[in-house]
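Architecture and fold: a report
This is what each chain is made of:
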Amino acid sequence: MNIINKLTDPAELISFRDHVGKVMLQKMSLPLKPSKLNELTASLLGAKDWNTAQGMLAKKEATWDVNCCKRCGSLMDVMGFCVDETCIFNDWSQEIDSEEIYYNNECPEELQSEWYKTKKRIRVEATIAIDDDCFEKFDAAPYFMDALINGKLEKVVLDLIEIGWRGDYQADEVAMFFELSESGVGYDNVIAVFAYLRIKQKGFEVEISSSSLKDWLLQNHPSVLHSMNIDF
Ligand SMILES: [Zn+2]
């Protein structure tokens with residue numbers, strides 16, 4: 001039974017976990033270590049593990065009920081960022097106050113604060129190349145978020161390390177993900193490359209920036225990075 005879909009945001013996950021902890025202690029006289037309690041909670045909810053449960057709720061929060069940018073009205077991509085590159089919400093979560101950003105641009109100390117850092121978009125830089133002088137850049141973060149939600153993130157990262165971050169099927173898959181209609185909003189350039197390739201019957205090569213993926217993992221799911229116990 002999968003009841004995690006009934007939860008609406010990360011705070012609900014935490015409060016359910018605390019409730020489970022209380023029940024185990026008071027009704028069963030079983031005090032649980034935090035990590036054990038997390039995993040038990042995830043399992044009760046039907047998620048693969050705690051990281052997966054957290055990822056599912058984080059994504060839901062980012063896209064829940066927000067389909068248009070509150071400033072410019074443009075569409076939002078699957079990560080919950082405005083697709084208009086000239087808009088402040090192309091780089092920042094809709095949770096921030098846009099006026100605050102405009103007026104604080106001269107003294108941006110506040111933007112360096114921990115809370116703001118978690119609201120700023122970190123792109124996973126990727127390139128799809130037809131040949132040396134013809135390529136398109138794109139943000140591959142939604143692909144990795146999708147892998148996290150489906151419990152495949154560790155395998156995806158390990159596979160990319162193995163192929164040296166480029167040139168093989170595991171890298172191609174990253175770009176191909178954006179051909180899907182539900183993940184392709186804001187990815188017209190990648191979709192256009194694939195359309196061109198099909199007409200011209202040409203091959204392509206995809207490369208992922210490992211350093212930007214590391215930054216993204218540090219912001220979004222540091223526990224995944226730590227649990228992999230590898231450096232790249
Ligand atoms: Zn916007």
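Our subject is the structure listed above.
It should be emphasised that the depicted structure is a prediction, and the values quoted were computed from it without experimental measurement.

1. As for the overall build of the protein chain
- What the protein chain contains, in helices and strands, is 11 helices and 3 strands.
- Along the chain direction, N to C, the helices and strands of the protein chain fall in the order α-α-α-α-α-β-β-α-α-α-α-β-α-α.
- For the protein chain, the residues scored as buried account for 27% of the 232 residues in total.
- Within the protein chain, contacts between residues separated by at least 24 positions form 54% of all contacts whose residues are at least 6 apart in sequence.

2. Let's talk about the environment of Val 20
- Summarising the element assignment, Val 20 is placed in helix H1 (residues 10–26).
- Taking the C-alpha atoms as reference points, Val 20 and Leu 37, separated by 17 residues in sequence, lie 7.7 Å from one another.
- Ignoring sequence-local partners within four residues, the contact set of Val 20 consists of Leu 37, Leu 40, Thr 41 and Leu 44.

3. Some details on helix H8 (residues 169–176)
- Where H8 is concerned, the buried positions are Gln 170, Ala 171, Val 174 and Ala 175. What you see down the axis of H8 is that its buried residues fit within an arc of 150°, all on one side.

4. Focus on the sheet that holds strand S3 (residues 205–208)
- Pairing within the open sheet is antiparallel, and its 3 strands lie in the order S2-S1-S3. One side of each edge strand has no neighbouring strand; the edge strands of this open sheet are strand S2 (134–139) and S3. Within the sheet, the average angular offset between the axes of one strand and its neighbour, ignoring direction, is 20°.
- Relative to S2, strand S1 (residues 125–131) runs antiparallel, the two sharing 6 bridges. Paired with Glu 125 across the strands is Asp 139, a residue of S2.
- On the sheet, H8 packs against S1 and S3 and is oriented at approximately 90° with respect to S3.

5. Here we look at the nonpolar core
- Counting 40 residues, the largest nonpolar core has Ala 53, Val 124, Ala 126, Ala 140, Phe 144, Val 174 and Ile 208 as its most contacted members.
- Looking at this core element by element, the count peaks at 7 residues for helix H6 (residues 141–149).
- In terms of domain composition, this core takes at least three residues from each of domain 1 (4–63) and domain 3 (125–228).
- The contact partners of Ala 53, leaving out residues within four places of it in the chain, are Ile 4, Leu 13, Ala 42, Leu 45 and Ala 47.
- In this structure, Met 76, Phe 81, Cys 82 and Trp 92 belong to the second largest nonpolar core, which totals 6 residues.

6. Examining unusual backbone geometry
- Positive phi values are uncommon outside glycine, yet Trp 165 reaches one of about 70°.
- The phi dihedral of Gln 201 falls on the positive side, at around 55°, and the residue is not glycine.
- Position of Gln 201 relative to the elements: it lies in the loop between helix H9 (188–200) and S3.
- Taking the C-beta count within 10 Å as the criterion, Gln 201 has 6 such neighbours and is therefore assigned exposed.

7. Here we look at H6
- A large share of H6 lies buried, amounting to 8 of its 9 residues.
- Of the positions making up H6, those classed as buried are Ala 141, Pro 142, Tyr 143, Phe 144, Met 145, Ala 147, Leu 148 and Ile 149.
- Two residues or fewer past H6, Gly 151 is found with a positive phi of approximately 70°.

8. Re the pairing of S1
- Direction of pairing for S1 relative to S3: antiparallel, over a ladder of 4 bridges. Its bridge partner lying in S3, Ile 128 is registered against Val 206.

Conventions used here
- Residues numbered from 1 in each chain as written.
- Predicted model: local features only at pLDDT ≥ 70, side-chain atom pairs only at ≥ 80, totals over all residues.
- Helix = DSSP H or I, 4+ residues; strand = E, 2+ residues; numbered from the N terminus.
- Buried ≥ 20, exposed ≤ 12 C-beta atoms within 10 Å, placed from the backbone.
- Contact = placed C-beta atoms within 7 Å.
- Arc of directions from axis to C-beta.
- Pairing = 2+ DSSP bridges.
- Axes fitted to C-alpha atoms, helices over the stretch in contact; angles between N-to-C directions.
- Core = buried A, V, L, I, M, F, W, Y, C linked by C-beta atoms within 7 Å.
- Domains from an automatic or database assignment.

Functional significance is not addressed by these values, which are geometric in nature.
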